[in-house]
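So the chains spell out like this:
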Amino acid sequence: MYKELADLLLPEVKKDVSYYEELYKPRDLKEGEVVTRFAPSPTGFVHLGSLYVTMINRIFTNTNGGVFFLRIEDTDKKREVENGIEGILEALKDYNILPDEGAINESEEKGEYGPYKQSDRKEIYQTYVKYLIEQGKAYPCFCHEEDLEKLREEQEKLKVRTGYYRSFAKCRNLSIEEIKQKIQSGEKYIIRLKSPGDYDRKIKIKDGIKGELEFPENDQDVVILKSDGLPTYHFAHAIDDHLMRTTHVIRGDEWVSSIPLHVQLFTMLGFKVPKYIHVAPIMKEEEGNKRKLSKRKDPEAAVSYYTQQGIPVQAVKEYLYNLANSNFEQWRRDNQDKDISEFEFKINKMSASGALFDHVKLLDVSKNVIARMSAEEVYQLGLEWAKKYDNELATLMDEYKDYTINLLNIERTGKKVRKDIAKWSDLRDVLEYMYDEIFFNKDFEYVYQNITDKDEIANILKQYIEIYDVNDDKDTWFNKIKELAESLGYAREVKEYKANPEQYKGHVGDVSMVIRVALTSKQMTPDLYELLKNLGKEKIQRRFEKALK
Ligand code: GLU
């Protein structure tokens, strides 16, 4: 009778499950090799948390060998957006987290275990649904939203668990005659699992991060096939991860509570249960409370945010490593020159509760990442960013390429490496005053710190331009400033000034500050000697003139 029911419900399904079992043979894996996957919905939005989990999948697969594939979970047609796949692929490409199989653009894919887009797998799901119906393990349900609403109210009144289970599962025991009648009169239906579970019995499972977990068995007759003929997430998960031969399901821990159902589905279908690894979400602290980083509330939840801000991919990645394995930070300190891939990442060292997102820390990581880059690399990546987000800067960087690289090269090596760039948008601050096109078109308030007398400032600048020689080496250059300072009644050395402050008008630092501010409008800049040299005498003079106006 179940066979008859199955044919009645899914007449167009002609294949048998053995067809697919044969088609998608177990993979030829070497001992210890794994199969993992990233299974996003194409909503066009890539959450930092998804990137995090995906990165972990990729690293885990790289470490163990095997296959990491991309599956597009587009069975929820309401959530889908146009070109949603492109957005995902772009993020994966930017972050160099490339799948070995799956979608390569909106319409093409690679790999032997496809289709990798769930909406193209309808027939496969329906074959397995039919298989379950044939065995009396699934059934059609004709309940409407209102019926379920009523059921919920009734259960609340009775103070029992809500849901569609056991005696509350009204359509569970319909006779084939009743079903036929309903179908003939055009009633819509969905397919539910006939759960054999007992809520009073427990299942145990070992999660790769959370360790031993125990749950009541699932006894809910969950929906497995929706009225549009597409499966629910749960059912598709079981079918796809079985047929794609996934060994390790590494996913966000919002799915932990579904473990009993998933184990039940795999078991009922006769599949081997994969290993589960549930990654705790990235959290955010708000008014002393922790909550998940939210797509709705937090701009930094979007991976695109980092691109816009100009935080280099490498920095975001290193930051995520920090969140995942807390010993990464020390490793990075000890191994400044190594590639991140050399770090021995351990999934079981991840914390079972969510890591806290810290923007300041991210920028700090980023500063260090950028500090390790060559001037050329900073230039290239910065320019790429500026071309999209700061046109004026991009034009100048492009026009004055060598000059800009030279500027970026100041204090890039040696004992004290500059760390004034945390994101590419900082480049404007770091560079703009060195381009005459911007410098001479802006009005500044020049703040010279200790020396405030206008005539004194004019005097310093006038005398300084006389003695400045672009060919001086650094010692000669600095000696000249010291001599100038001394001749004007300032101490040559800060020490001397501190010993006898009443004897001097100030010290050499005050005099260099005047030069620095007149030259750049800023009190803090990279090495003054280098800045002067890069500008050259003529430009220096013009800048001094502007300052004196
Ligand atoms: N499509 C699901 C999601 O985006 C996938 C979860 C999983 O990795 O199984 O949350």
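See the structure printed just above.
Everything in this summary refers to the structure shown in the same document. Counting from 1, residues in each chain are numbered in the order their sequence is written. Note on the predicted model: pLDDT of at least 70 is required for a residue's local features to be given, and 80 or more for side-chain atom pairs to be given and counted; whole-chain, interface and lining totals, by contrast, use all residues. In computing side-chain values, all of the structure's heavy atoms are included and hydrogens and water are not.

1. Overview of the pairing of strand β7 (residues 202-207)
For the record, the criterion: Each residue gets one of three labels from its accessible area relative to the maximum for its type: buried under 20%, exposed over 50%, partly exposed in between, using a 1.4 Å probe on protein chains only. In this text, helices come from DSSP runs of H or I with a minimum length of four residues, and strands from runs of E with a minimum of two, each type numbered from the N-terminal end. Paired strands, in this sense, are two strands between which DSSP finds at least two bridges.
Side chains Ile-203, Ile-205 and Asp-207 project from β7 onto a buried face, and the interleaved Lys-202, Lys-204 and Lys-206 project onto a face without burial. The sheet contact formed by β7 and strand β8 (residues 211-216) spans 6 bridges and is antiparallel. Bridging from a neighbouring strand, Lys-204 pairs with Glu-214 of β8. Between the end of β7 and the start of β8, which pair antiparallel, lie 3 residues.

2. Observations regarding the sheet that holds strand β6 (residues 190-193)
To keep things clear, this is the line we draw: Orientation is described by axes fitted as lines to C-alpha atoms, over the contacting stretch for helices, and by angles from 0 to 180 degrees between their N-to-C directions. Contacts are residue-level and defined by heavy atoms, with any inter-residue pair within 4.5 Å sufficient.
With antiparallel pairing, the 3 strands of this open sheet are ordered in space as β5-β6-β9. Edge positions in the sheet fall to β5 (138-141) and β9 (223-225), since each has one partner strand and no second. Neighbour to neighbour, the strand axes of the sheet diverge by 45° on average, direction disregarded. Relative to β9, β6 is paired through 2 bridges, and the arrangement is antiparallel. Following the sheet pairing, Ile-191 is matched in β9 by Leu-225. Along the sheet face, helix α5 (residues 122-134) touches β5, β6 and β9 and points at about 125° away from the line of β9.

3. Observations regarding the sheet that holds strand β2 (residues 66-70)
Overall, mixed pairing links the 4 strands, which are arranged β1-β2-β3-β4 in an open sheet. This sheet does not close on itself; its edge strands, each paired only once, are β1 (34-38) and β4 (109-110). When β2 meets strand β3 (residues 101-103), the two strands line up parallel, connected through 2 bridges. Residue Leu-70 lies in a different strand from β3, and its bridge partner there is Gly-102. Across the sheet, helix α4 (residues 84-94) touches β1, β2 and β3, and the angle it forms with β2 is around 140°.

4. Considerations on α5
Here is the rule we go by: In this scheme, a helix's expected span is set at 1.5 Å multiplied by one less than its residue total.
The first and last C-alpha atoms of α5 sit 18 Å apart over 13 residues, in line with the 18 Å expected at 1.5 Å per residue. Considered for burial, the residues of α5 that qualify are Ile-124, Tyr-125, Gln-126, Thr-127, Tyr-128, Val-129, Lys-130, Leu-132 and Ile-133. Of the residues one or two after α5, Gly-136 is the one with positive phi, at around 70°.

5. With respect to the environment of Asn-322
The residue Asn-322 is located in helix α11 (residues 313-324) in this model. The class of Asn-322 is buried, set by a relative accessible area of 13%.

6. Structural notes on the side chain of Asn-218
The condition is simple: Whenever a nitrogen or oxygen atom comes within 3.5 Å of another N or O atom, the pair is scored as a polar contact, on the condition that within protein one atom can donate a hydrogen and the other can accept it, and that pairs from neighbouring residues in sequence are kept only if both atoms are in side chains.
Among the secondary structure elements, Asn-218 is positioned in the loop between β8 and β9. Taking relative accessible area as the criterion, Asn-218 reaches 11% and is therefore assigned buried. Reaching out from Asn-218, the side chain makes a polar contact with the side chain of Gln-264 at a distance of 2.6 Å. Setting aside its immediate chain neighbours within four residues, Asn-218 contacts Ser-195, Gly-197, Asp-198, Pro-260, Leu-261 and Gln-264.

7. Observations regarding the packing of aromatic side chains
Filter applied, for reference: The criterion for an aromatic pair is that two Phe, Tyr or Trp rings (for Trp, the six-membered ring) have centres within 6.5 Å, with stacked assigned to planes under 30 degrees apart, edge-to-face to planes over 60 apart and tilted to the rest.
Applying the stated criterion across every chain, the model contains 30 aromatic pairs. Relative to Phe-271, the ring of Tyr-128 has its centre 5.8 Å away and its plane inclined at 70°; by these criteria the two rings are edge-to-face. Note that Tyr-128 is positioned in helix α5 and Phe-271 in the loop between α9 (259-268) and β11 (275-279), a separation of 143 residues in sequence. Side by side, Tyr-128 and Phe-271 carry an identical accessibility label, which is buried. Measuring from centroid to centroid gives 5.6 Å for Tyr-321 and Phe-345, while their planes differ by 80°, and the two rings are edge-to-face.

Just distances and angles here, no functional claims.
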